[in-house]
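# Inside the fold
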Amino acid sequence: MNIYKELIHNMFDNDLTMVHFEQLKATKDRPNIWCFINQEWASSHGLRPLIKAMNSGKNLNIVIMAHDSYTYTTSASEIDLGAIAMTFPKVYVASVALMANKAQTKAAFDEAVSYKGTSIILAYEFIPESDFDAERQEQLTQAIVNSGQWLLYRNNPELAQKNFNSFKLDSEPPSISIKAYINLKDPFVELLGNDFLDYEHKIKTQQKKVDRRFDKHLALSSIAYINRSKLLQNGRIRRTMFPKK
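Throughout what follows, the structure given in this document is the object of discussion. (Residues numbered from 1 in each chain as written. Predicted model: local features only at pLDDT ≥ 70, side-chain atom pairs only at ≥ 80, totals over all residues. Heavy atoms only, no water.)

## Concerning the packing of aromatic side chains
In this description, a pair of aromatic rings is defined by centroid distance and the angle of the planes. Short version of the rule: The pairing test for Phe, Tyr and Trp rings, Trp by its six-membered ring, is centres within 6.5 Å, and the orientation test on the planes gives stacked under 30 degrees, edge-to-face over 60, and tilted for anything in between. Think of it this way: any DSSP run of H or I at least four residues long counts as a helix, any run of E at least two long counts as a strand, and we number them from the N terminus. Throughout, exposure labels follow a simple rule: accessible area from a 1.4 Å probe, protein chains only, divided by the maximum for the residue type, with under 20% read as buried, over 50% as exposed, and the rest as partly exposed.
Enumeration according to the criterion identifies five aromatic pairs in this entry. Considering the side-chain rings of Tyr-4 and Phe-109, the 6.2 Å spacing of their centres and the 15 degrees angle between planes classify their relative orientation as stacked. Of this pair, Tyr-4 sits in helix H1 (residues 3-12) while Phe-109 sits in helix H5 (residues 102-114), and the two are 105 residues apart along the sequence. For Tyr-4, a relative accessible area of 0% gives the class buried. Judged by its relative accessible area of 0%, Phe-109 falls in the buried class. Ring centres of Tyr-92 and Tyr-115 lie 6.3 Å apart, and the angle between their planes is 40 degrees; this geometry places the pair in the tilted category. Linking Tyr-92 in strand E6 (residues 92-96) with Tyr-115 in the loop between H5 and strand E7 (119-124), this pair joins segments that are 23 residues apart in sequence. On the basis of relative accessibility, which here comes to 5%, the residue Tyr-115 falls in the buried class. Grouped by ring-pair contacts, the aromatic residues Tyr-4, Trp-34 and Phe-109 constitute a single cluster.

What follows is the structure, encoded as C-alpha cells:
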C-alpha cells in the first residue's frame, strides 16, 4: 500500500472516503474525502482539472504524489504546484515527506482534515529503480529534504483569517548540496565521460534554483501578514510561474 494511504487509514481508521479524481465532481460535500493523484497524471492532463477542484470550495483533500521534484514540467517552463495552490486564498496547502519528518507529515494531514475546504498535500515518496531496503529509502528521502530540493511547509488559510501569517516553513536551511544529494542517489553519476561538463553546469543551475526557492519560502514564513496577503492577491506568484512568452 502507498505509505500515505496507509498513514491516513491508520490515522482516521474507517472514518474516511477514498475516491478517484474523476469522481470528485459528483461527490457530495462531506468530511474526510481523500483523492490521490501523481505526477504522471499532472503531466498528461495538465493543471486545469486541479484548478477547477481548488475553485470548487468543496471539503476535500487531494494528495499529489511526487517521486523526485514537485514541479509540473512543460516544454516552456517549470511550474511550482505548491506556489500555484497558495494563490488560492481558501485552499490549505502542505508539502511533506513522511520518511524524512513523520511529525510534520502527520500535522499536515491532521490540519487538512480539520480545514473546512479544499486541501492540497504535495507528498514525496522515493521510488527506487531497483530493490532498496527501507533504510536506504529513508536515507535518500532525508537527503532530498536536507538538500532543499524538496521543501517541507504548511499554509493554513485559517491562520490568515485571524491576522496571523498562514505560511510556516518546516524545512531547516539546506545542510547538503544538490551535488551531494545526487551523488548519494547515484554514486556513479560522475562517470559521464564527455558529458561531465554538461553535468556540472546542470548541477550549478539546479543549486541556484534550489537556493532561490528556499529564500523565497523563508521570506514568506517571516514576512508580515498584510504584505504576504498582498503578494498573493496581486498575482506576482502567478506571473512568476506563468511567464509571458
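From this point, the narrative continues.
## Overview of the sheet that holds E7
To keep things clear, this is the line we draw: Any two strands with at least two DSSP bridges between them are considered paired. Structural elements are reduced to axes, namely lines fitted to C-alpha atoms, with helices fitted over the stretch in contact, and the angle between N-to-C directions of any two is expressed from 0 to 180 degrees. Whether two residues are in contact is decided by their heavy atoms: any pair within 4.5 Å suffices.
Strand order in this open sheet of seven strands is E1-E2-E3-E7-E6-E8-E9, and the pairing throughout is mixed. Since the sheet does not close on itself, it has two edges, and those belong to strand E1 (17-19) and strand E9 (167-169), each with one partner. For this sheet, the mean angle separating the axes of adjacent strands, direction not counted, is 15 degrees. Here H1 sits on the sheet in contact with E1, strand E2 (33-38), strand E3 (61-66), E6 and E7, set at roughly 170 degrees to E2.

## Thoughts on the pattern of salt bridges
Stated formally: Whenever a carboxyl oxygen of Asp or Glu lies within 4 Å of a side-chain nitrogen of Lys or Arg, that contact is scored as a salt bridge.
Using the criterion set out here, one finds four salt bridges in the structure. The shortest N-O distance in the salt bridge between Arg-154 and Glu-111 comes to 2.8 Å. Note that Arg-154 is positioned in strand E8 (residues 153-155) and Glu-111 in helix H5, a separation of 43 residues in sequence. A salt bridge links Asp-170 to Lys-168; its shortest N-O distance comes to 3.9 Å. Judged by its relative accessible area of 15%, Asp-170 falls in the buried class. A relative accessible area of 44% means that Lys-168 is categorised as partly exposed. Within the structure, one salt-bridge network assembled from shared partners comprises Glu-111, Arg-154, Lys-168 and Asp-170.

## Examining H5
Filter applied, for reference: Expected span of a helix: the number of residues minus one, times 1.5 Å. Regarding the arc, it is the one traced by the directions from the helix axis to the C-beta atoms. For this analysis, a polar contact is any N or O atom pair within 3.5 Å, provided that within protein one partner can donate a hydrogen and the other can accept it, and provided that sequence-adjacent residues contribute only side-chain to side-chain pairs.
Helix length check: H5, at 13 residues, gives a terminal C-alpha distance of 18 Å against a target of 18 Å (1.5 Å per residue), a fit within 8%. Every buried residue of H5 is listed here: Gln-104, Thr-105, Ala-108, Phe-109 and Ala-112. One side of H5 holds all its buried residues, which, seen down the axis, span an arc of 135 degrees. At the N-terminal end of H5, a side-chain oxygen is found 3.4 Å from the backbone nitrogen of Ala-103, two or three residues along, and the residue is Asn-101.

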